[in-house]
Amino acid sequence: MSKYRTLLFDVDDTLLDFSAAEDEALHRLFAENGLDLTEEVENCYKEINSGLWSAFERGEISREEIVDTRFSLLFKEYGKEVDGKQLGERYQQLLAENHDFIDGASDLVHRLASHFDLYIVTNGVTKTQYKRLKDSGLYPLFKDIFVSEDTGYQKPMKEYFDYVFARIPTCDLSSTLIIGDSLSSDIKGGLNAGIDTCWFNPHHKVNKISVQPMYEIERLEDLHAIVEEQPIISK
């Protein structure tokens, strides 16, 4: 019998392929505006975007600052001025149109939904995440969806998880597991909240921060052995 009853899933690069969605949205955005998206420019954008989301996780900036300024910051690096907010809004629309699955995600969620209470915990943009989850068909399989934009807090803040747990009926922290690809957001957040953690690490990233997940998996299907049988700590 599984020790877990409640499973909290991240979305981007855990269930849905955010990297593919980001790449497609960027290329379409630049093409629409007659701009050349070189490898250098794309890498620069990803560096800026990653830095902004890290600052958001630390509570230093708001979500609005990310979506409204990342493109203006990008083009500033190349001596150009653009309407960052307008580009950001169009980018979100394009991003929402992609809902490619991470390998095994659809089968995993469909199998677990009849045996566990599934919830979404994400730092993404509300409108974007809801559209992607609905278009993918995953939406009805989750009992609730918690997006940082709606909660007033974000992973890894304890307040975010307090908000989540207050809205999950009969939630027992000892039987709750969070699954996600981010050490700084999902795993650190789970530890801050006092729940077990599972790091989805398909690309074998090196853990360079002082955060240790209880479990580490490289394929989503490996989660079955953790939640459906006697758990074995893998790392």
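Use the structure listed above.
The model shown is predicted, which means the values in this text are computed figures rather than measured ones.

Undergrad: Tell me about the packing of aromatic side chains, and please be specific about residues and values.
TA: If you walk through the whole model with that rule in mind, you get twelve aromatic pairs. Cluster of aromatic residues (ring-pair linked, three or more members): Y45, F71 and Y91. When the ring centre of Y139 is taken as reference, the NZ or CZ atom of K134 above it lies at 5.0 Å.

Undergrad: Explain the packing of helix 1 (residues 18–32) against helix 4 (residues 84–96) to me, using residue names and the numbers behind them.
TA: Packed helices, taken two at a time, are described by their axes: the angle between them and the distance between them. Relative to each other, helix 1 and helix 4 sit at 130°, their axes nearing to 9 Å. Between helix 1 and helix 4, the interaxial angle falls into the category oblique. The crossing of helix 1 and helix 4 is right-handed. On helix 4, the residues that touch F18, A21, E22, A25, L26, R28, L29 and E32 of helix 1 are L87, R90, Y91, L94 and L95. Its residues assigned to classes, the contact of helix 1 with helix 4 shows nine nonpolar, no polar and four charged.

Undergrad: Can you explain the sheet that holds strand 5 (residues 196–200)? Please cite residues and give values.
TA: Taken together, six strands build an open sheet; the order of strands is 3-2-1-4-5-6 and the sheet is parallel. Looking at strand neighbours, the two that pair on one side only are strand 3 (144–147) and strand 6 (215–217), the edges of this open sheet. Averaged over all neighbouring strand pairs, the angle between strand axes comes to 20°, with direction disregarded. As paired elements, strand 2 (residues 117–122) and strand 3 share four bridges and run parallel to each other. Residue pairing across strands places T122 opposite V147, the latter belonging to strand 3. Packed on one face of the sheet, helix 8 (residues 158–166) meets strand 1 (6–9), strand 2, strand 3 and strand 4 (176–180) and runs near 160° to strand 3. On the sheet, helix 9 (residues 183–193) packs against strand 4 and strand 5 and is oriented at approximately 165° with respect to strand 5.

Undergrad: Can you tell me about the nonpolar core, naming the residues and giving the values?
TA: One broad trend across soluble globular proteins is that nonpolar side chains are buried collectively. Core analysis: the biggest nonpolar cluster contains 29 residues, and L7, F9, L112, L177, L223, I226 and V227 have the highest contact counts within it. Contributions of two or more residues to this core are made by strand 1, helix 5 (105–112), strand 2, strand 3, strand 4, strand 5, strand 6 and helix 10 (223–227). Looking at which element gives the most residues to this core, the answer is helix 5, with four residues. When residues no more than four places from it in sequence are discounted, the contact partners of L223 are F9, L108, L112, L177, I179, C198 and I217. The next biggest cluster of nonpolar side chains, apart from the first, holds 22 residues, and it includes L29, V41, L74 and L94.

Cut-offs used in this document
Residues numbered from 1 in each chain as written. Predicted model: local features only at pLDDT ≥ 70, side-chain atom pairs only at ≥ 80, totals over all residues. Heavy atoms only, no water. Phe/Tyr/Trp six-rings, centres within 6.5 Å; stacked < 30°, edge-to-face > 60°. Lys NZ or Arg CZ within 6 Å of the ring centre and 35° of its normal. Axes fitted to C-alpha atoms, helices over the stretch in contact; angles between N-to-C directions. Helix = DSSP H or I, 4+ residues; strand = E, 2+ residues; numbered from the N terminus. Parallel < 35°, antiparallel > 145°, perpendicular 65-115°, else oblique. Left-handed = near helix turned anticlockwise from the far one by under 90°. Contact = heavy atoms within 4.5 Å. Nonpolar A, V, L, I, M, F, W, Y, C, P; charged D, E, K, R; others polar. Pairing = 2+ DSSP bridges. Core = buried A, V, L, I, M, F, W, Y, C linked by side-chain atoms within 4.5 Å. Buried < 20%, exposed > 50% of the residue type's maximum accessible area, 1.4 Å probe, protein only.

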